[in-house]
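Fold and contact review
Each chain is listed here by its residues.
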Amino acid sequence: MPTVDARLGLSGVSSDDLAAWFEAHGEPAYRARQVLTALWASQASSPGDLTTLPRGLAAELDDAFRWSTVADETIVASDGGQTEKALHRLADGATIESVLMHYPATAGRRARHTLCISSQAGCAVGCPFCATGELGFTRDLETAEILDQVRSANRRLRTGERITNVVFMGMGEPLLNLDRVLEAVASLNDPARLGLGARHITVSTSGVVPGIRRLTALGPQFTLAISIHAARDALRDVLVPLNRRWPVAEVVAAARDHARATGRRVSYEVTMIGGVNDTEADADALANLLRGDLAHVNLIPMNPVAHTPWRASPMPVIERFAGRIKAAGIPVTIRRNRGVEIGAACGQLAAERAGAPTEPAVARRRERLEAASARALRGQRSEEPIPAGVDA
Ligand code: SAH
Ligand code: SF4
């Protein structure tokens, strides 16, 4: 068994704490800023690489803190290099994923480099169409582990480029690790670190109502995205098991309050699953639920995942669904999948590494899902328990 590195991740240390550390070592406070600049804007891989730091001090810093808490184990590119998926290994052996998406400049719009990051290793919510949900929950990420995914991607960009958008749509449920997510967001905002504005950060949740309410009280920190997937409880119970704890009407009420209080549009995500949540009745139920709200709907064709019987809805079906949402006066976009062939829906790479489930296990799982979604389509609520470990 390797011993786990107990040093704190440097990226997660606040500016004040870092300044205090230097002060305790008889050094001026500006050293903290020097180190932060090097952390976020240089290719240095340890304090020893910093020519501005005296040798002895660099060694002491290295003894106290870990320069990076994520090791890039695999980087897989697709879409002609436009999408890069990274599998990161953490000090205790857990693995997480991030996906970097490059969008070239268009007329009137600068090039964007959007990074999708993880907030937990695994996830306790257990949505059946999601590779991470299938892996189960391992642990919350530390603040530094969240931020170091961003630093890793930033280092892989070309000179002069920087991460322009961060979305918490990787592994895990960010609102079940909210303290650390908020700390990480504050660091991303910090001009001495990444300096990314709140408008360029999106946090996606499967509907942790107390977390949404807490965010509303804090004021706008980032764009809030709600993984809604279905407007009717019976179906949402199956697609987002957290719905058995916080039903869809409560989730939307909390999101509506958030939009009113912050003046910021809430984004609703629907993973489009053929024959499951893509009927006209589903579109109308969603339109009725969101009518008049400060909302935007994003339709995402489902990425195929090995253990489910499901596939993406055909594009004409998605377009018809979009048309009904639009007709209700709600802005809607269809998001083209990026990196499908490398399994860019977060968690898929890690799921592959964990090994394929046996055929009989997959067959049983598919059968249960078919039965559950058929019951849901008849309007029957789920009798399955609320997933363990989802208390906010
Ligand atoms: N746990 C949070 C954030 C991470 S999941 C949440 O659920 O919102 C980020 C997004 O990826 C969610 O909208 C989720 O529904 C979507 N997703 C998961 N598996 C997918 C798949 N197989 N195909 C398409 N989207 C998927
Ligand atoms: Fe967790 Fe989000 Fe995947 Fe659901 S979709 S299992 S909440 S990561």
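Refer to the structure printed above.
In short, a report on the structure. This is a predicted model, so every value here is computed, not measured. (Residues numbered from 1 in each chain as written. Chains lettered and ligands numbered in written order. Predicted model: local features only at pLDDT ≥ 70, side-chain atom pairs only at ≥ 80, totals over all residues. Heavy atoms only, no water.)

**Some words on the overall build of the chain**
For the chain, the helix and strand inventory stands at 13 helices and 14 strands. Taken against the 2.2 N^0.38 rule, which gives 21 Å for 392 residues, the C-alpha radius of gyration of the chain at 22 Å falls within 12% of a compact globule. Taken along its principal axes, the extent of the C-alpha atoms in the chain is 70 × 50 × 40 Å. Per-residue burial over the chain gives 53% buried out of 392 residues. Taking all contacts inside the chain whose residues are at least 6 apart in sequence as the whole, residues at least 24 apart take part in 70%. Summed over all atoms, the accessible surface of the chain reaches about 17200 Å², with 51% contributed by carbon and sulfur. Between the centroid of the 45 positive side chains of the chain and the centroid of its 44 negative side chains there is a distance of 6 Å. (Helix = DSSP H or I, 4+ residues; strand = E, 2+ residues; numbered from the N terminus. Rg over C-alpha atoms; globule rule 2.2 N^0.38 Å. Buried < 20%, exposed > 50% of the residue type's maximum accessible area, 1.4 Å probe, protein only. Contact = heavy atoms within 4.5 Å. Areas by Shrake-Rupley, 256 points an atom, 1.4 Å probe, with all protein chains shown as cover. Lys, Arg positive; Asp, Glu negative; His and termini not counted. Charge placed at Lys NZ, Arg CZ, Asp CG, Glu CD.)

**Quick notes on helix α10 (residues 280-290)**
Buried within α10 are the following residues: Asp282, Ala283, Ala285, Leu286, Ala287 and Leu290. Elements in contact with the buried residues of α10: α8 (233-239), α9 (248-262), β12 (266-272), β13 (295-301) and α11 (315-327). Two residues or fewer past α10, Gly292 is found with a positive phi of approximately 85°.

**Comments concerning the site of ligand 1**
In the vicinity of ligand 1 lie 19 residues, with Phe129, Ser204, Ser227, His229 and Asn303 positioned nearest. Within the backbone of Gly172, an N or O atom sits 2.9 Å from a nitrogen atom of ligand 1. Residue Ser227 places a side-chain N or O atom 2.6 Å away from an oxygen atom belonging to ligand 1. Protein coverage of the free-state accessible area of ligand 1, which is 530 Å², stands at 91%. Every element with two or more residues in the shell around ligand 1 is listed here: β10 (201-205) and β12. Of the residues belonging to the shell around ligand 1, the class tally is 8 nonpolar, 9 polar and 2 charged. (Near = heavy atom within 4 Å. Polar contact = N/O pair within 3.5 Å; in protein donor to acceptor, adjacent residues only side chain to side chain. Nonpolar A, V, L, I, M, F, W, Y, C, P; charged D, E, K, R; others polar.)

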